[in-house]
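Here's the letter readout for the chains.
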Amino acid sequence: MAAILLGALTAIAIVICAASHDIYAAIFYALVLIFLYSASIRTYWLYSHQLFQTYGASKTRNIFVAILAISILLGVVLEGLTLIGSPLSSPPQLPSWNLKRLVAFFSLCFFVSTYAFAHFLSQTNNYSQASISKCNVSSNFKAPLIAAFLIVVVAAAALLSGIFPWRLSESVNRVLFLAICILVVVITLVMLKQKGSNRPELIFLTVALVSGTFLCFALPPVTAISPDDQIHFDRSLGLSYLGRSEYSDSEIQLANVPWVIDSVVQFNDLDKVIDELDSSHSKAIETGNLHALDGFYSPVAVSSLLNIAFIGYIPSAIGLWLGRLLGLPLTGIVILGRWANLLSYCGVFYFAIKNIPSKKTLMTVIALLPTSLYLASNYSYDPWVISMLALSFSNLYRELSKTDKAITLDGVATVCLPMLLGLCPKAVYFPVIGLLFLFPTSKFPSPSHRRVFFAGVVIFGVLVVSTFILPLFFSSAAIAGDARGGTDVNSGEQIAFIISHPIDFIKTLVAFLVDYISPINSDQYSISYFYMGTLSTEVRCFATIPFVLLIVTALFDGQGTTRLNAGAIAWVLFIVACTLGLVATSLYLSFTPVGLNWINGCQARYILPVLFLPLALIRTSKSDTKGAKPVSIRHAPILTVGALSIICNLVLVIAP
């Protein structure tokens, strides 16, 4: 009955949105309904089973009422804080209160509070059953404490070195700031070693937080320094208001990038530009000379945010929301927005590295690639895609390693949920859903359970595929293609060309992919800072060093390897090939002139979300290494990639 109701509501949402010619909104509402339905069922089970069996009916009812009251209070508080941070609105003005936003805040707080309480309950039970003798010394040195320590110290270092505000700093300030950051990393790693907590995830957290924070502060606090970050900023800005955007001319300039002339950033003029942006924004807030836009839109481009792709902007939107609440200057708001993106990246990857039973060093090295950290320290949803898919792969490997245990519903959720979140911004990576077919028969209680699971995987794949296939038939913008590719771009005509000339297209695709994945081009997804430059351009010998580092890491990171048979290895390679082929094909449709024998716009960074998969297969068929290697040797690749980040920062950020 519940499933029928869900289907009816989803159908109604699709019909309503399709009638308004907005297929993206239809997909968005349909997935929101599915999520709410799933979350409601899970919440009902928590109260009716887990809490009921633990506390009884009366106390469970009291817990529910308490969480409900707390959620209502938190929803009101969040709405009030949103209004405080909005330049034209304030809590005393009752018309400024947004009912939809209140409901969204309440729902979020209710589900989060419920799951947090259930998690706390399960952890408490686990701790009460465990003996003190089994506790690890490293458990006293928690990741949140390390993160808080690093954040406070690096922020203080930014102020001490004079790196903030950016427009007043010189290269010497950046050198001093980088030197302090390196010192902080060294001291923290020494402390971790002394505490016996030199686990890869903690090393990653230390290096990524410090290196990324350096980039957030040391890079110019403007857009047009990473791929399409002006577009990502505009969308994050609209999302941060959740229904009514109030923005200044300075924020319009951040979306329109007037300091880019003939596709070249005028770095010499940025000092003056940043000063004018800050002063103009502050003056606009003081005088109330601001623009307002009602609705769920990006304020400058006025594009609808009712699109599941924009889920990847949530971290940056939170940072912008907090920056306005704290009353920071525009410079500080921009920095805080991209810093929140970094925190999300670090948090998700921390758990990905922690959860995976093998190839921890390899995953850490990939997460610390200078290009990955650079993207995470700017406005982009690529870090969201990369980190969420990594978490999904990590949990998948963990489940596959438990050969003697049947997979549970919670186990499926830990793999599928981050995979879905990672695919929302870029559904073109949907072939990775095929990894779910790797679960062997032994992981299921019965053949019928296995059939139900695989049927669910197929449905999951169809839903994801529909999010980017349907717009090709119902959205005129999708059919027209990306205007930035030139006037000869037309997705509809390109599809017709592929159908009429399939052999020519296959030749073009294969020739492009061979060049695309070539080791010679690996510097483009490893040591590139995009518009700030690429390290191999400045120092040519670095062109293939990252690729060699990745291969060597994969070869020697064999301890605790999860075994896969030849068929499974072939299946993973097939999925990777299909994924990269679809990525290239999507750019051929949306960004390449009709009939061209090459593919435009397919940047090397699109390899990063699936880079782990083929590298993790190296030595996968072996059960273990011949002997455990010393910690210093196993961590050498992590320190090496950290050194690469330092060199990139020196050459590409400080030297200019």
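Residues numbered from 1 in each chain as written. Predicted model: local features only at pLDDT ≥ 70, side-chain atom pairs only at ≥ 80, totals over all residues. Heavy atoms only, no water.

Student: Mind showing me how you'd approach the overall build of the protein chain here?
Tutor: Within the protein chain, the regular secondary structure consists of 26 helices and four strands. Burial statistics for the protein chain: of 656 residues in total, 49% are counted as buried. Summed over all atoms, the accessible surface of the protein chain reaches about 29800 Å², with 68% contributed by carbon and sulfur. (Helix = DSSP H or I, 4+ residues; strand = E, 2+ residues; numbered from the N terminus. Buried < 20%, exposed > 50% of the residue type's maximum accessible area, 1.4 Å probe, protein only. Areas by Shrake-Rupley, 256 points an atom, 1.4 Å probe, with all protein chains shown as cover.)

Student: Sorry if this is basic, but what is going on with the packing of helix 6 (residues 171–194) against helix 7 (residues 200–218) here?
Tutor: Geometrically, a packed helix pair is captured by the angle between its two axes and the distance between the axes. Where helix 6 contacts helix 7, the two axes come as close as 10 Å, and the packing angle between them is 170°. The pairing of helix 6 with helix 7 is recorded here as roughly antiparallel in orientation. The way helix 6 lies across helix 7 gives a crossing that is right-handed. Contact with helix 6, carried on its side by Arg 174, Phe 177, Leu 178, Cys 181, Val 184, Val 185, Thr 188, Leu 189 and Leu 192, involves Leu 202, Ile 203, Thr 206, Val 207, Val 210, Thr 213, Phe 214, Phe 217 and Ala 218 of helix 7 and no other residues of that element. Partitioning the contact of helix 6 with helix 7 into residue classes produces 14 nonpolar, three polar and one charged. (Axes fitted to C-alpha atoms, helices over the stretch in contact; angles between N-to-C directions. Parallel < 35°, antiparallel > 145°, perpendicular 65-115°, else oblique. Left-handed = near helix turned anticlockwise from the far one by under 90°. Contact = heavy atoms within 4.5 Å. Nonpolar A, V, L, I, M, F, W, Y, C, P; charged D, E, K, R; others polar.)

Student: Looking at this model, I keep getting lost on the pattern of salt bridges. Mind explaining?
Tutor: Where charged atoms of side chains with opposite charge meet at close range, the side chains can pair. Here the structure, examined in full by the defined rule, presents seven salt bridges. The salt bridge involving Arg 244 is made with Asp 294; its shortest N-O contact spans 2.8 Å. With Arg 244 in strand 1 (residues 244–247) and Asp 294 in strand 4 (residues 291–294), this pair connects stretches of sequence that are 50 residues apart. Relative accessible area serves as the criterion here: at 51%, Asp 294 is assigned to the exposed category. Put simply, Lys 426 and Asp 382 hold a salt bridge, and the shortest N to O gap is 2.8 Å. Here the residue Lys 426 occupies a position in the loop between helix 16 (409–423) and helix 17 (447–474), and Asp 382 occupies one in helix 15 (residues 382–401), the gap between them amounting to 44 residues. Note on accessibility: Lys 426 and Asp 382 belong to one class, buried. Beyond isolated ion pairs, a larger network of salt bridges with shared partners links Arg 244, Glu 246 and Asp 294. (Salt bridge = Lys/Arg side-chain N within 4 Å of Asp/Glu carboxyl O.)

Student: I tried to follow the environment of Leu 596 on my own but got confused; where do I start?
Tutor: Tracing the backbone shows Leu 596 in the loop between helix 23 (566–590) and helix 24 (612–616). Along the primary structure Leu 596 and Thr 508 are separated by 88 residues, whereas in three dimensions their C-alpha atoms are 8.5 Å apart. Residues contacting Leu 596, with those up to four places away along its chain left out, are Thr 508 and Tyr 588.

Student: I'm lost on the environment of Val 265 in this one. Help?
Tutor: Mapping Val 265 onto the fold places it in strand 3 (residues 264–265). The spatial distance from the C-alpha of Val 265 to the C-alpha of Tyr 531 is 7.7 Å, given a sequence separation of 266 residues. Discounting residues that sit within four places of it in the chain, Val 265 has contacts with Ala 224, Trp 259, Val 260 and Leu 270.

Student: Where do I start with helix 19 (residues 491–500) in this structure?
Tutor: At 3.6 residues per turn, the α-helix brings residues three or four places apart onto the same side. What helix 19 keeps buried is the set Ser 491, Gln 494, Phe 497 and Ile 498. Looking straight down helix 19, one finds its buried side chains confined to an arc of 115°; they lie on one side. For helix 19, the side-chain oxygen to backbone nitrogen distance between the N-cap and Gly 492 is 3.1 Å, and the N-cap itself is Asn 490. (Arc of directions from axis to C-beta. Polar contact = N/O pair within 3.5 Å; in protein donor to acceptor, adjacent residues only side chain to side chain.)

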